[in-house]
Amino acid sequence: MNARITILFPLSPDCNWQGLTVKITRITAFQVDLPLREGSYNWSGGKSVSVFDSTIVRVETDAGIVGHGEVCPLGPFYLPAYGGGVRSGLRELGPHLIGSDPTALGQLNRLMDAALKGHPYVKSGIDIACWDILGQVAGQPICQLLGGRYGEDFVLYRAISQQSPEEMAAKVQGYRDEGYRRFQLKVGGDPDVDIARIHAVAEKLQPGDKLIADANTGWLMHEAARVVRGVRDVDVYIEQPCLSYEECLSIRRRTDHPFVMDESIDGMKELLRGHADGAMDVVNIKISKFGGLTKARQARDLCASLGIAMTIEDSWGGDVTTAAIAHLAHSTPTDLLFTSTDFNSYGTVSTADGAPQRKQGRLSASTDPGLGVSPKMDVLGEPVLEVV
Ligand code: MG
């Protein structure tokens, strides 16, 4: 009842929202470089990024309410996405959205899909910004609108950039001392070195810790087969060992390690196929991979119904992305949330006030309406595109 009253009477005296009159009047985008605290982030196939190219999207309305979103690909060689592509896509998509209702998220997503086929990552920032607007209109944090908050906080993993076995073991020790209890090793390199990496790190773990070996599509099947045999006695999850779904499924059927699918699962059809094949125990729901909070939430709810545990995250990002992840993760049933991530602690640049900050390897979503963040306009600088 309270929620309904809140919706009928907007909080802001400047707001003229009466259920149907909020309209998008302007979309702007800002490009921000996000350098890594550790210097570089390395994963399979020699791929490496030292400065991430992020785009922060700002959606303005005739009600005076402003929402923000962020899209930050993991470089141009991870998923079919790149930083410049976000901005190009927004130039194409933006004019179709002026005048539409940002609080009607289902309709907005259908409109985006009709105006621009595919390119889900382009749409993600707009979708997140519109959830931010909806939350402010409703006077509720997004996690409440996504199903409600589970518990005080939720568990994070730390990604361990690909280095020598000894260096990775030392990193795990260090991050463990900071409070993390889940560690995702970037493997997918030479199988013999990867076997050594997994063994070296496993020696640093304590009861209750969890270890994930993420090959990021980097092994051929014969290499993956050797690695899973070489670490047979280690308590480790195997994540996306090979490039294709079929190759991963083949390895899945040869190992009794718990199994995570990531890059191969980017939509509802793939999720349903994976479930039907028994292809994974855990799936990674990245917000921009699915096209925004609306579709990531749909995937999250399907996984919850099917009993598939999830890592809730994105490809990369800063404060705004971390806030969006936190709302989706915190509204995911605790037993189904395998882990999540706090990308804003990996970089050296803060782009917004109010973003959640990790405590002892755990995070919680803001209790303020919407995303709960205020972008730092001095950090964002001048917009690189404007659609009115
Ligand atoms: Mg992964």
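Residues numbered from 1 in each chain as written. Predicted model: local features only at pLDDT ≥ 70, side-chain atom pairs only at ≥ 80, totals over all residues. Heavy atoms only, no water.

1. As for the pattern of salt bridges
Oppositely charged side chains may form a pair once their charged atoms are brought near each other.
So, step 1. Counted by the stated rule, this structure contains 24 salt bridges.
So, step 2. R226 is paired through a salt bridge with D192; the nearest N and O atoms lie 2.6 Å apart. Here R226 is found in helix α8 (residues 221-230), whereas its partner D192 is found in helix α7 (residues 191-202), with 34 residues between them in sequence.
So, step 3. For R226, a relative accessible area of 42% gives the class partly exposed. (Salt bridge = Lys/Arg side-chain N within 4 Å of Asp/Glu carboxyl O. Helix = DSSP H or I, 4+ residues; strand = E, 2+ residues; numbered from the N terminus. Buried < 20%, exposed > 50% of the residue type's maximum accessible area, 1.4 Å probe, protein only.)

2. Brief notes about the nonpolar core
In globular proteins that are soluble, nonpolar side chains generally tend to be buried together.
So, step 1. In this structure, I126 and I198 are the most contacted members of the largest nonpolar core, which totals 117 residues.
So, step 2. Broken down by element, this core gets its largest block of residues, 10 residues, from helix α4 (residues 120-138).
So, step 3. Here this core spans two domains, and each of domain 1 (23-139 + 378-387) and domain 2 (144-371) adds at least three residues to it.
So, step 4. Sequence-distant contacts of I198, that is, excluding residues within four places in its chain, are made with L185, V187, L211, A213, V227, V231, V234 and V236.
So, step 5. The next biggest cluster of nonpolar side chains, apart from the first, holds six residues, and it includes I212, V282, A309 and F338. (Core = buried A, V, L, I, M, F, W, Y, C linked by side-chain atoms within 4.5 Å. Domains from an automatic or database assignment. Contact = heavy atoms within 4.5 Å.)

3. Let's talk about the pairing of strand β5 (residues 66-71)
So, step 1. Counting buried positions over the six residues of β5 gives five, a clear majority of the element.
So, step 2. Here strand β4 (residues 51-61) runs beside β5; their pairing, made up of six bridges, is antiparallel. Residue pairing for β5: I56 is matched across the bridge by E70. (Pairing = 2+ DSSP bridges.)

4. Quick word on the sheet that holds strand β18 (residues 385-387)
So, step 1. Strand order across the open sheet formed by four strands is β5-β4-β1-β18, with antiparallel pairing between neighbours. Each having just a single partner strand, β5 and β18 make up the two edges of the open sheet. Averaged over all adjacent pairs, the angle separating strand axes in this sheet is 20°, with direction ignored.
So, step 2. Relative to β18, strand β1 (residues 24-35) is paired through three bridges, and the arrangement is antiparallel. Across the sheet, the residue bridging to I27 is V387, located in β18.
So, step 3. Strand contacts of α4: β1, β4 and β5, with the helix running at about 150° to β5, the strand carrying the most contacts. (Axes fitted to C-alpha atoms, helices over the stretch in contact; angles between N-to-C directions.)

5. Thoughts on the domain arrangement of the protein
So, step 1. As far as domains go, the protein holds domain 1 (23-139 + 378-387) and domain 2 (144-371).
So, step 2. Of the residues lining the interface, 42 residues belong to domain 1; the matching set on domain 2 comes to 44 residues.
So, step 3. Around 3500 Å² of area is buried between domain 1 and domain 2 when both sides are counted, 61% of it from carbon and sulfur atoms.
So, step 4. Scanning the region where domain 1 abuts domain 2 turns up two salt bridges.
So, step 5. Of the charged contacts in the structure, one is a salt bridge between E38 and K171, with a shortest N-O distance of 3.8 Å.
So, step 6. The interface formed by domain 1 and domain 2 includes 22 residue pairs in polar contact (both at pLDDT 80 or more).
So, step 7. Every element with two or more residues in the side of domain 1 that touches domain 2 is listed here: β1, β2 (41-42), β4, β5, α3 (105-115), α4 and α14 (377-380).
So, step 8. In terms of residues, the side of domain 1 that touches domain 2 owes the most to one element, α4, which gives 12 residues. (Buried area = accessible area lost by both parts, 1.4 Å probe. Polar contact = N/O pair within 3.5 Å; in protein donor to acceptor, adjacent residues only side chain to side chain.)

6. Notes on the packing of aromatic side chains
So, step 1. Here the structure, examined in full by the defined rule, presents 10 aromatic pairs.
So, step 2. With a centroid separation of 4.6 Å and an interplanar angle of 40°, the aromatic rings of W316 and F343 are classed as tilted. Of this pair, W316 sits in the loop between β13 (309-313) and α13 (319-330) while F343 is found in the loop between β14 (337-340) and β15 (352-353), placing the two residues 27 residues apart along the sequence. Across the pair, exposure class does not vary: W316 and F343 are buried alike.
So, step 3. Linked through ring pairs, Y41, W43, F52, F77, Y78, W316, F343 and Y346 together constitute an aromatic cluster.
So, step 4. Across the ring face of F338, the terminal group of R182 is positioned such that the distance to the ring centre comes to 5.6 Å. (Phe/Tyr/Trp six-rings, centres within 6.5 Å; stacked < 30°, edge-to-face > 60°. Lys NZ or Arg CZ within 6 Å of the ring centre and 35° of its normal.)

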